[in-house]
Amino acid sequence: MTKEYNVAILGATGAVGRRMIEQLAQSTIPVKSVKLLASSRSAGTVLKFRDQELTVEETTPESFDGIDLVLSSAGGGVSKKFLPEAVKRGAVCVDNTSAFRMDEDVPLVVPEVNPEALKNHHGIIANPNCSTIQMVMALEPVRRKFGLKQIIVSTYQAASGAGQAAIEELKRETQDYLDGKDMQNGAKILPTKGDKKHYPLAFNLLPQIDVLEDNGYSHEEWKMIHETKKIMLNDINSQDIKVTATCVRVPVPIAHGESVYFTVEDEAATAQDIMNAIADFPGVVLQDDIKNQIYPQPITAEGSRDTFVGRIRPDYENKGAFNMWVVADNLLKGAAWNTVENAEYLVKMNLV
Ligand code: A2P
């Protein structure tokens, strides 16, 4: 008989949580029951899973009694508090926050890239940062065929990466600007909730995602560097691929863009070779037809599980070096879909 799973979604009312409900509904996981968990603020809210109406419950350690699989996206602090409780009760958790990503015994997995890492889980699997996921999706086929030496990435990240409230903030500021009002007072969340100052994102660019560290980098940039090494090389500090990043928030509601400059070991590789390798990789769609002005854009990537790559071109001044443009829905491949996809792999690999 096929095993069926009791699934809990922690943070079910959030921008990512709501999409986890949809992605789970469309997944291959045989679902026996779904429990929707959030804080006391939204307990009692009714949300749909397939044709069932489910009531959101306040999260307590006992919420995880009898649960097989937890999909979580309620913030790092909430994951740290509740996921060990879920594991204690026998659940396997796929966590979309950064709480456990750097822990040695926690696999950090993009299923198309490093599915084998799932085998080493001890109850918690971490979903990488949204910007890291789409970058490694585009670069893993290149690494496998031509070897990767260096990555220099600049991101153009959507407001929704900071949650549903950041989307609302961007909309309010945009309306205020169009109405000729002062936008400054509307900024309460971005660039990052916990920091001292807030700036408007509408009609603006913010070169700060997450907190700024003493080393000069934002924490988002630090995550992109070390998560990429963990996923591709299984070592957060490996020097085998050099990575540096600049992360920028842009006034787009959904889907991140990335300008990625990279160098390969095989200097005979051409831009066409790179395109062919990328086009063959599962979950990646090549959108690269400059004659017809075809290239990835946030408004066309929104709502898709795929990662879109285009504008692939050589750096004519440096051998074995290329530029490309990568776009993906940060709430789907960057978060909800990658989480549910990890859960699908865990089920398929008999690891739950
Ligand atoms: P709630 O709706 O009760 O605030 P987003 O990333 O869009 O900001 O969403 C965050 C999600 O995390 C929401 O579902 C939110 O629920 C949930 N959440 C926030 N704090 C807690 C908490 N202390 N316990 C459980 N869920 C929480």
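Residues numbered from 1 in each chain as written. Predicted model: local features only at pLDDT ≥ 70, side-chain atom pairs only at ≥ 80, totals over all residues. Heavy atoms only, no water.

### Some words on the overall build of the protein
Looking only at helices and strands, one finds 8 helices and 14 strands in the protein. A compact globule built from 352 residues should have a C-alpha radius of gyration of about 20 Å, and the protein, at 20 Å, falls within 12% of that. Expressed as lengths along the three principal axes of its C-alpha atoms, the size of the protein is roughly 60 × 60 × 40 Å. Expressed as a percentage of the 352 residues in the protein, the buried residues total 54%. Pairs at least 24 residues apart make up 66% of the contacts formed inside the protein by residues separated by at least 6 positions. (Helix = DSSP H or I, 4+ residues; strand = E, 2+ residues; numbered from the N terminus. Rg over C-alpha atoms; globule rule 2.2 N^0.38 Å. Buried < 20%, exposed > 50% of the residue type's maximum accessible area, 1.4 Å probe, protein only. Contact = heavy atoms within 4.5 Å.)

### A word on the sheet that holds strand β1 (residues 5-10)
Pairing is parallel across the open sheet formed by 6 strands, whose spatial order is β5-β2-β1-β6-β7-β8. The sheet terminates laterally at β5 (57-58) and β8 (124-126), the two strands that pair on one side only. Here strand β6 (residues 69-72) runs beside strand β7 (residues 92-95); their pairing, made up of 4 bridges, is parallel. Bridged to Ser72 within β7 is Asp95. The sheet strands contacting helix α1 (residues 15-25) are β1, β2 (31-38) and β6, and the helix crosses β1 at an angle near 160 degrees. Of the strands in this sheet, β1, β6, β7 and β8 are in contact with helix α2 (residues 76-88), which crosses β7 at around 160 degrees. (Pairing = 2+ DSSP bridges. Axes fitted to C-alpha atoms, helices over the stretch in contact; angles between N-to-C directions.)

### Digging into a nonpolar patch on the surface
Together, Tyr177, Leu178 and Phe203 give the surface a local cluster of nonpolar side chains, amounting to about 350 Å² of exposed area. Locating Leu178 in the fold gives a position in helix α4 (residues 164-178). (Patch = residues over 30% accessible without salt bridge, like charges linked within 9 Å, V, L, I, M, F, W, Y side chains within 5 Å. Areas by Shrake-Rupley, 256 points an atom, 1.4 Å probe, with all protein chains shown as cover. Salt bridge = Lys/Arg side-chain N within 4 Å of Asp/Glu carboxyl O.)

### Topic: the site of the ligand
Residues in contact with the ligand amount to 15 residues; listed here are only the nearest, Thr13, Ala15, Ser39, Arg41 and Ser42. In the environment of the ligand, an oxygen atom lies 2.7 Å from a nitrogen or oxygen atom belonging to the side chain of Ser42. In isolation the ligand has 570 Å² of accessible area, and contact with the protein removes 73% of it. (Near = heavy atom within 4 Å. Polar contact = N/O pair within 3.5 Å; in protein donor to acceptor, adjacent residues only side chain to side chain.)

### Things to note about the packing of helix α3 (residues 130-146) against helix α8 (residues 332-348)
Two elements in contact, α3 and α8, have axes separated by 8 Å at closest approach and are oriented at 90 degrees. By the angle between their axes, α3 is roughly perpendicular relative to α8. For the pair α3 and α8, the contacting residues are Cys130, Ile133 and Met137 in the first and Lys333, Gly334 and Asn338 in the second. Of the residues belonging to the contact of α3 with α8, the class tally is 3 nonpolar, 2 polar and 1 charged. (Parallel < 35°, antiparallel > 145°, perpendicular 65-115°, else oblique. Nonpolar A, V, L, I, M, F, W, Y, C, P; charged D, E, K, R; others polar.)

### Considerations on the pattern of salt bridges
Enumeration according to the criterion identifies 13 salt bridges in this entry. Across the salt bridge formed by Glu227 and Arg101, the nearest N and O atoms sit 3.0 Å from each other. Remark: Arg101 occurs in the loop between β7 and β8 and Glu227 occurs in helix α5 (residues 219-233); sequence separation between them is 126 residues. For Arg101, a relative accessible area of 5% translates into the label buried. One salt bridge connects Lys223 with Asp210, and the closest N-O pair in it is separated by 3.1 Å. Residue Lys223 is found in helix α5, and its partner Asp210 is found in the loop between α4 and α5; the two are separated by 13 residues along the sequence. You can call Lys223 buried: its relative accessible area is 8%. The structure contains a network of salt bridges with shared partners spanning Glu62, Asp65, Glu85, Lys88 and Arg89.

### Overview of the pairing of β7
Side chains Val92 and Val94 project from β7 onto one buried face, and the interleaved Cys93 and Asp95 project onto a second face that is buried too. In this view, the connection linking β6 to its parallel neighbour β7 by way of α2 has right-handed handedness. Examined bridge by bridge, β7 and β8 share 3 bridges and lie parallel to one another. The partner of Cys93 across the bridge, within β8, is Ile124. (Right-handed = clockwise from strand over helix to strand, strands pointing away.)

### Some words on the domain arrangement of the protein
Domains assigned within the protein are domain 1 (5-127 + 335-348) and domain 2 (132-330). Between the C-alpha centres of domain 1 and domain 2 the distance comes to 25 Å. Counting from both sides, the interface comprises 18 residues of domain 1 and, opposite them, 20 residues of domain 2. Where domain 1 abuts domain 2, roughly 1,700 Å² becomes buried across the two surfaces, and 62% of that area is made up of carbon and sulfur atoms. (Domains from an automatic or database assignment. Buried area = accessible area lost by both parts, 1.4 Å probe.)

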